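Examination of the molecular architecture
Residues per chain are reported as follows:
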Amino acid sequence: MELADSISDPAARERMKDFRRIAIPTDAVARAIQYAIEQPDDVDVSEVIVRPTANKN
């Protein structure tokens, strides 16, 4: 069961479904983390910000 399906408030349920439409896929987040940890020892990645680049309607 999806989280949005268990929300009893109809308006909140729809907002969650809308949020899920533009959420970043898990594999994209994993690739960003992989990029950070694969840097050479002389490179310090101290912050990673992952944001969606487009709205998926």
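Refer to the structure above for everything that follows.
What comes next is a walk through the structure. The structure displayed is predicted, hence computed values, not measured ones.

1. Section: the overall build of the protein
Regarding its fold elements, the protein presents two helices and zero strands. Computed over the C-alpha atoms, the radius of gyration of the protein is 16 Å, more than 25% above the 10 Å expected from 2.2 N^0.38 for a compact globule of 57 residues. Considering only C-alpha atoms, the protein reaches an extent of 50 × 20 × 15 Å along its principal axes. Looking at the protein as a whole, 7% of its 57 residues qualify as buried. Put simply, the protein shows about 5,000 Å² of open surface, and 53% of that area lies on carbon and sulfur atoms. Each charge class in the protein can be summarised by its mean position, and for the 8 positive and 11 negative side chains these summaries are 12 Å apart.

2. Here we look at a nonpolar patch on the surface
On the surface, a cluster of nonpolar side chains totalling about 540 Å² of accessible area is made up of Val 29, Ile 33, Ile 37, Val 43, Val 45, Val 48 and Val 50. Residue placement: Ile 37 occurs in helix α2 (residues 26-37).

The rules we used
- Residues numbered from 1 in each chain as written.
- Predicted model: local features only at pLDDT ≥ 70, side-chain atom pairs only at ≥ 80, totals over all residues.
- Heavy atoms only, no water.
- Helix = DSSP H or I, 4+ residues; strand = E, 2+ residues; numbered from the N terminus.
- Rg over C-alpha atoms; globule rule 2.2 N^0.38 Å.
- Buried < 20%, exposed > 50% of the residue type's maximum accessible area, 1.4 Å probe, protein only.
- Areas by Shrake-Rupley, 256 points an atom, 1.4 Å probe, with all protein chains shown as cover.
- Lys, Arg positive; Asp, Glu negative; His and termini not counted.
- Charge placed at Lys NZ, Arg CZ, Asp CG, Glu CD.
- Patch = residues over 30% accessible without salt bridge, like charges linked within 9 Å, V, L, I, M, F, W, Y side chains within 5 Å.
- Salt bridge = Lys/Arg side-chain N within 4 Å of Asp/Glu carboxyl O.

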